[in-house]
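Structural characterization, general
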Amino acid sequence: MAQCPKCGKALKLSDWRQACPYCSTNMVIYDLQERLMLDADKAEVQNYYFQKKIDRLKGSFAGSRLAIVRIFTSLLPIAALFLPVFRLTLSAPFEAFDGNFTAISLYNMVSSLDFGKVLELLSSPETQTAAIMFVGSLLCLLLSVVIMLVHLLCLMMALGPKGKLRNYALDTVFLLLSVASVVLFFSIPENSFASGTVGIGSYLYIVLVIVNFAVDIAVFKQGIEVKHKQCYVGGIPIEEYFEMLENGRPHEEIRADMYERLTAIQREKDEKLAAELKEQEEAEKREKEAQMKNE
């Protein structure tokens with residue numbers, strides 16, 4: 001329920017006029033400047049808490065040289081997938097293939113895959129083991145790429161309460177999936193639809209995942225100093241403003257200090273603008289004099 005800003009009486013729905021029915025004060029313009037200042041104070045305090053979160057996100061992602069290196073090491077493993085991951089020979093029910101299997105080959109195979117026939121392989125006793133190993137190997141490879149992208153996004157939350165634990169968990173899953181992909185491929189028994197050997201891309205992929213894990217550990221061990229942007233409330237640095245409130249300084253004194261500082265800030269801006277205009281006028285004057293001499 002709304003109240004009159006002067007007398008504090010509760011207003012009814014029928015009290016829609018500007019004048020208070022109890023004290024006849026114009027409620028729209030009564031102490032308008034102070035109410036606007038109070039709203040501005042609240043907005044600047046809220047902006048301070050929001051800015052702290054933004055600063056922490058920036059610091060988490062690229063707050064130090066090592067953190068910037070971590071961005072690249074988080075993405076670098078994907079480059080290994082464009083090298084031969086497997087030396088592979090495929091036949092029905094897969095599309096015929098014989099050569100170096102890379103990330104592009106995996107995409108082409110998945111996009112043209114007949115999942116019904118793959119399910120038949122998985123359910124047939126004769127091919128079940130080989131199919132599980134082969135499909136599991138490719139699935140682990142795909143999931144590791146997904147984890148890599150999730151890890152990259154989570155770098156922005158690395159300085160959160162559970163940031164370190166989250167990153168280490170993702171790094172561990174990332175490494176386990178990449179190793180599982182190779183182990184499962186090695187374990188594929190002889191069959192009629194897939195055969196091959198592990199390529200250099202798989203080994204390099206695992207090495208780069210380990211490097212990423214090591215860099216992640218180094219970042220947390222070194223630590224990141226978050227640089228917070230200075231925020232103000234009515235021209236007063238917000239830390240000083242909070243200290244004033246804690247010390248119980250009267251609101252009227254705080255407001256008077258704000259007006260004084262805001263006036264000084266505005267005066268400084270006006271002086272700076274006047275100096276720039278004067279400099280611009282002098283430059284134009286010199287340019288005109290130079291043109292006159294040339295003529």
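For every chain, the first residue of the written sequence is number 1, and numbering continues from 1 along that sequence. Since the coordinates come from a predicted model, pLDDT governs what is reported: local features require at least 70, and pairs of side-chain atoms require 80 or more to be given and counted, while whole-chain, interface and lining totals use all residues. Neither water nor hydrogens contribute to the side-chain values; these are computed over all heavy atoms in the structure.

Considerations on the pattern of salt bridges
The working definition used for a salt bridge is a side-chain nitrogen of Lys or Arg within 4 Å of a carboxyl oxygen of Asp or Glu. Within this structure, the stated rule accounts for eight salt bridges. Connected through salt bridges with shared partners, the residues Glu240, Arg249, Glu253, Asp257 and Arg261 form a single ionic network.

A closer look at a negative patch on the surface
A surface patch of like charges, here negative, comprises Glu276, Glu279, Glu281, Glu282, Glu284 and Glu287. For helices the rule is a DSSP run of H or I covering at least 4 residues; for strands it is a run of E covering at least 2, with both sets numbered from the N terminus onward. For Glu284, the position within the fold is in helix H10 (residues 251–294). Like charges within 9 Å and nonpolar side chains (Val, Leu, Ile, Met, Phe, Trp, Tyr) within 5 Å are joined into patches, using only residues over 30% in relative accessible area that form no salt bridge. Calculation of accessible area relied on Shrake-Rupley with a 1.4 Å probe; when residues are assessed, cover is drawn exclusively from the protein chains displayed. Lys and Arg are tallied as positive, Asp and Glu as negative. Neither His nor the chain termini are counted. Charge positions come from single atoms, namely NZ of Lys, CZ of Arg, CG of Asp or CD of Glu.

Quick word on the sheet that holds strand E3 (residues 194–198)
Across the sheet, three strands lie side by side as E2-E1-E3; this open sheet has antiparallel pairing. Across the chains shown, the open sheet's two edge strands, defined by having one partner strand only, are strand E2 (97–101) and E3. When the angles between neighbouring strand axes are averaged without regard to direction, this sheet yields 10 degrees. Any two strands are treated as partners once DSSP identifies two or more bridges connecting them. Sheet topology places strand E1 (residues 86–90) next to E2; five bridges connect them, and they run antiparallel. Bridge pairing in E2 links Thr89 to Asp98. The axes used here are C-alpha line fits, helices contributing only the stretch in contact, and every angle between their N-to-C directions lies in the interval 0 to 180 degrees.

A word on the nonpolar core
The tendency in soluble globular proteins is for nonpolar side chains to be buried as a group. Among buried residues, those of type Ala, Val, Leu, Ile, Met, Phe, Trp, Tyr and Cys that are joined through side-chain atoms within 4.5 Å constitute a nonpolar core. The classification of residues rests on relative accessible area computed with a 1.4 Å probe and restricted to protein chains. Under 20% of the type maximum is buried, over 50% is exposed, and intermediate values are partly exposed. Counting residues in each nonpolar core, the largest one holds 36 residues, and the members touching the most others are Phe86, Phe94, Phe134, Phe193 and Tyr205. Contributions of two or more residues to this core are made by E1, helix H4 (103–111), helix H5 (115–123), helix H6 (128–154), helix H7 (163–186), E3 and helix H8 (200–222). A per-element tally of this core places H6 first, with 10 residues. Residue contacts for Phe86: discarding those within four places in its chain leaves Gly99, Asn100, Phe101, Ser137, Leu138, Ser181, Phe185, Thr197, Val198, Gly199 and Ser202. In this structure, Met37, Tyr48, Val233 and Ile236 belong to the second largest nonpolar core, which totals 11 residues. In this description, contact between two residues means that some pair of their heavy atoms is separated by no more than 4.5 Å.

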